[in-house]
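# Remarks on the overall topology
In case you want the letters, here they are:
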Amino acid sequence: ICFGAPAGGHADVRQRAVSPELQEDDLAFDRSLRPKRLGDYLGQTKIKESLAILIEAAQARGDVVDHILFSGPPGLGKTTLAQVVANELGANIRTTSGPAIERTGDLAAILTNLEEGDVLFIDEIHRFSRSQQDSLLPDVENGNVRLIGATTHNPQFYVVGALLSRSLVFLLQPLTEDV
C-alpha cells in the first residue's frame, strides 16, 4: 500500500505504509504505551509491592537496589518491569540480550560504557554461557553494575549459582481476570 501517489501515478516506494523494518514511529508508539511507574503496571501485584519496598529501602539508605532476576513465560512484562524499576530509580537502562552477546569482549564493552547508577538489563540471560555469566560477577559483587535479568527458563538451572545467590528472583505469573 502506498500513500501520496498522484491519481494514476506511482508513489515512491520509500513511502510504503507497511515495512518489514521497525520504524522510529513504531518504537515511539511502543514506548508511549508502556507503563512508566509501578502504579501504572497492571498485574503482578505481589511482585510490584515487593519491588516498591525494595526501591524505597534502597533510596532511603542511599544505596543501590539489589540485583533482580525476572522469570516467567514470554509476554508477561519482564522487560517492561525492568524499565519501570529503572524509571522508579531515576536511572538510565542499558539493554542487551543473551543472543546479542557473541563474545566476552562484547559484554566487556557494554560494562565499560555503563555510567554510575545505570541499570544493565539482560533479556534472555539464560542464553549467556556460564563463562559469560561468570564474567559479570566481579562487577555485580563490587556494585559497578545494577543488574536486572529476565529469563523464560528456571533460573535455578540456567543461571550460575554465584550470580543467582546475589539476586532477588521474581517469578511472574500469567494474568487472571482479577488483574
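Data block above holds the structure.
The rules behind the values
- Residues numbered from 1 in each chain as written.
- Predicted model: local features only at pLDDT ≥ 70, side-chain atom pairs only at ≥ 80, totals over all residues.
- Heavy atoms only, no water.
- Pairing = 2+ DSSP bridges.
- Helix = DSSP H or I, 4+ residues; strand = E, 2+ residues; numbered from the N terminus.
- Axes fitted to C-alpha atoms, helices over the stretch in contact; angles between N-to-C directions.
- Contact = heavy atoms within 4.5 Å.
- Salt bridge = Lys/Arg side-chain N within 4 Å of Asp/Glu carboxyl O.
- Polar contact = N/O pair within 3.5 Å; in protein donor to acceptor, adjacent residues only side chain to side chain.
- Parallel < 35°, antiparallel > 145°, perpendicular 65-115°, else oblique.
- Left-handed = near helix turned anticlockwise from the far one by under 90°.
- Nonpolar A, V, L, I, M, F, W, Y, C, P; charged D, E, K, R; others polar.
- Expected span 1.5 Å × (residues − 1).
- Buried < 20%, exposed > 50% of the residue type's maximum accessible area, 1.4 Å probe, protein only.
- Core = buried A, V, L, I, M, F, W, Y, C linked by side-chain atoms within 4.5 Å.

## What to know about the sheet that holds strand β4 (residues 146-151)
- Across the sheet, five strands lie side by side as β2-β3-β4-β1-β5; this open sheet has parallel pairing. For this open sheet the edge positions go to β2 (93-97) and β5 (167-171), each flanked by a neighbour on one side alone. Each strand axis lies, on average, 20° off the axis of its neighbour in the sheet, ignoring direction.
- Bridge count for strand β1 (residues 67-71) against β4 is four bridges, and the pairing is parallel. When the sheet's bridge partners are listed, serine 71 is paired in β4 with threonine 151.
- Set on the sheet, helix α2 (residues 45-61) makes contact with β1 and β5; between it and β5 the angle comes to about 155°.

## Observations regarding the pattern of salt bridges
- Within this structure, the stated rule accounts for five salt bridges.
- Of the charged contacts, one joins glutamate 141 and arginine 166 as a salt bridge, the two residues approaching to 2.7 Å between their closest N and O atoms. You can see glutamate 141 sitting in helix α5 (residues 130-141) and its partner arginine 166 sitting in the loop between α7 (161-164) and β5, a full 25 residues away along the chain.

## Focus: the side chain of serine 71
- By the element assignment, serine 71 lies in strand β1.
- In this structure the side chain of serine 71 is engaged in a polar contact, spanning 3.2 Å, whose partner is the backbone oxygen of histidine 153.
- Beyond its immediate stretch of four places on either side in the chain, serine 71 contacts Lys78, Thr151, His153, Pro155, Phe170, Leu171 and Leu172.

## Section: the packing of α2 against helix α3 (residues 78-89)
- At a minimum axis separation of 10 Å, α2 and α3 run at an interaxial angle of 30°. As far as their axial angle goes, α3 and α2 are roughly parallel. Between α2 and α3 the crossing geometry is right-handed. Residues Ile47, Leu51, Ile55 and Gln59 of α2 touch α3, and the partners they reach there are Leu81, Val85, Glu88 and Leu89.
- Within the contact of α2 with α3, the residues separate by chemical class into six nonpolar, one polar and one charged.

## Topic: α3
- Taking 1.5 Å as the rise per residue, α3 with 12 residues should run 16 Å; its terminal C-alpha atoms sit 17 Å apart, in good agreement.
- Within α3, nine of the 12 residues are buried, leaving the element largely enclosed by the surrounding structure.
- If you check which residues of α3 are buried, you get Lys78, Thr80, Leu81, Ala82, Val84, Val85, Ala86, Glu88 and Leu89.
- Positive phi shows up at glycine 90, right after α3, with a value of about 70°.

## Things to note about the environment of isoleucine 68
- With respect to the helices, strands and loops of the structure, isoleucine 68 is situated in strand β1.
- Isoleucine 68 sits 101 residues away from valine 169 along the chain, and the two C-alpha atoms are 6.0 Å apart.
- Excluding residues within four positions of it along the chain, isoleucine 68 makes contact with Leu51, Leu54, Val85, Leu147, Ile148, Gly149, Ser167, Leu168 and Phe170.

## Some words on the nonpolar core
- Leu51, Ile68, Phe70, Leu81, Val85 and Ile148 are the most contacted members of the largest nonpolar core, which totals 24 residues.
- Residue assignment for this core shows that the elements contributing at least two residues are α2, β1, α3, β3 (119-123) and β4.
- The element contributing the most residues to this core is α3, with six residues.
- Those residues in contact with phenylalanine 70 that sit more than four places away from it in its chain are Ile47, Leu51, Lys78, Leu81, Ala82, Val85, Ile148, Gly149, Ala150, Thr151, Phe170 and Leu172.
- Ranked by size, the runner-up nonpolar core spans 18 residues in total, among them Leu69, Leu107, Leu111 and Leu120.

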